[in-house]
Amino acid sequence: MKKVLLTLPNSIAGTLILKGYKQGFKSCGAFVMEKDARELTIDDIKRFKPDIIFGYDYGFLFNAKDEVKEYFLNNADKYRFVHYFADEPDSKYACVNQPELFEQYKSLCEKYNPETSTGGFYSFVWDRDFEKSLPRAKYLPLAVNHKAYAPSPDDFGQYLYDISFVGRPLGEKRQKILAALVRTFGKKLNIFCYEKHFLQSLDDMKERQLLDDFELDIYKSAYRGFLTTEREISRVYNNSKININITLQGISGLNYRVFEVLASRGFLLTDDMADIERNFIVSKELEVYKNIDDLVDKTEFYLKYPEFAQRIAFIGYADVIKNHTYTARAYEVLKK
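It should be emphasised that the depicted structure is a prediction, and the values quoted were computed from it without experimental measurement. (Residues numbered from 1 in each chain as written. Predicted model: local features only at pLDDT ≥ 70, side-chain atom pairs only at ≥ 80, totals over all residues. Heavy atoms only, no water.)

Participant: Sorry if this is basic, but what is going on with the pairing of strand β9 (residues 240-245) here?
Facilitator: In regular strands, side chains alternate between the two faces of the sheet. Along β9, six of the six residues are buried, which leaves the element largely enclosed by surrounding structure. Where strand β7 (residues 161-166) lies against β9, four bridges are found, and the strand directions are parallel. Among the inter-strand pairings, F165 is bridged to a residue of β9, identified as I244. Bridge count for β9 against strand β10 (residues 268-271) is three bridges, and the pairing is parallel. (Buried < 20%, exposed > 50% of the residue type's maximum accessible area, 1.4 Å probe, protein only. Helix = DSSP H or I, 4+ residues; strand = E, 2+ residues; numbered from the N terminus. Pairing = 2+ DSSP bridges.)

Participant: Could you clarify how one ought to interpret helix α9 (residues 213-220) in this entry?
Facilitator: Each α-helix winds once per 3.6 residues, and so residues spaced three or four apart point in a common direction. Regarding α9, the residues found buried are E215, L216, I218 and Y219. Buried residues of α9, seen end-on, are gathered within an arc of 160 degrees and therefore sit on one face of the element. Along α9, exposed side chains directed more than 90 degrees from the buried face belong to D213 and F214. On its buried face, α9 sits against α7 (172-185), β8 (189-192) and α8 (195-208). Residue D212 occupies the N-cap position of α9, its side-chain oxygen lying 3.1 Å from the main-chain nitrogen of F214. (Arc of directions from axis to C-beta. Contact = heavy atoms within 4.5 Å. Polar contact = N/O pair within 3.5 Å; in protein donor to acceptor, adjacent residues only side chain to side chain.)

Participant: Help me understand the side chain of E287 in this model?
Facilitator: Among the secondary structure elements, E287 is positioned in strand β11 (residues 287-289). Judged by relative accessible area, which is 4%, E287 ranks as buried. A polar atom in the side chain of E287 sits 2.7 Å from the side chain of Y302. The residues contacting E287, other than those within four sequence positions of it, are F267, L268, L269, T270, V282, K298 and Y302.

Participant: Help me out: how do you make sense of helix α15 (residues 326-335) in this one?
Facilitator: For α15, every residue scored as buried is listed here: Y326, R329, A330 and V333. On an axial view of α15, the arc spanned by its buried residues comes to 100 degrees, and they lie on one face. Packing partners of the buried residues in α15 comprise α1 (12-27), β3 (52-56), β4 (80-85), β5 (120-125), α11 (256-263) and α14 (306-323).

Participant: When you look at the side chain of E260 in this model, what are you seeing that I'm missing?
Facilitator: Its location among the elements puts E260 in helix α11. No salt bridge is formed by the buried E260; the nearest opposite charge belongs to R257, separated by 4.7 Å. Side chain to side chain, E260 and Y237 meet in a polar contact 3.0 Å long. The residues contacting E260, other than those within four sequence positions of it, are V144, Y149, I233 and Y237. (Lys, Arg positive; Asp, Glu negative; His and termini not counted. Salt bridge = Lys/Arg side-chain N within 4 Å of Asp/Glu carboxyl O.)

Written as structure tokens, this is what we have:
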């Protein structure tokens, strides 16, 4: 039985991903110890004697105490470190204002090769285009704890919302798309996010002149608040005729929202990314748009024919719970 030490990061998204992997490793028969990286001690490590130390982005290099970090570096040839990058390795999101982490981690990967020694560093990246950024990095898509998003039978077919967007309405790409939806579909758009992010988006819309005063009033009415639990998120996805996804990070990869929506048995209309067709069947398990005009056309179609969207959502749900769980991803990690 493999022993896996999970070092939880100081990150909400990273903690959710690692807790998902915890259940995945357990389902694969591994013995797992979960520990906040900031609270991890050398005694914890010596007592547990892990086969794998699993971290998010830069893991212990960013979060661990100095003495623990030093211990890991002095024993890098004895332990097998596996890091899962859900951000671009050489980006502010992964490095969090410490850009030197990228070169430091890269040099460790070059120095300690797990393929030729007992220990060493191995990396998995969420976007296929990041494989070349680190030695031996392998593509491994994001996943979802489908049980946490399992829709309630009472929710099916209620359609509380026509068009929903869950996430930060920030950045020019997202705001141009949301503005187009407001201009075309008016009050059919619903936005769920932190209030401060929505207020910031209002200022941005004005500054970029994406909407006139009348359209801005409609945009203001689209705000529906912040969703705090997987159950709340699932209910929105499952009860929306169309769920819009607008990817900000990555080159070809699929963000977490793709898996979230499908696990909720919601219909997803997402921007076209190269890895979509490597993981799903377009127009059968989800739908994609190539530009704003295509998005508007397909939104009009699926609003008119929600029964087609419902059928696609059901097939996408069946695929996610079979092929895109944390158990499936943990199995790939252990196999490598």
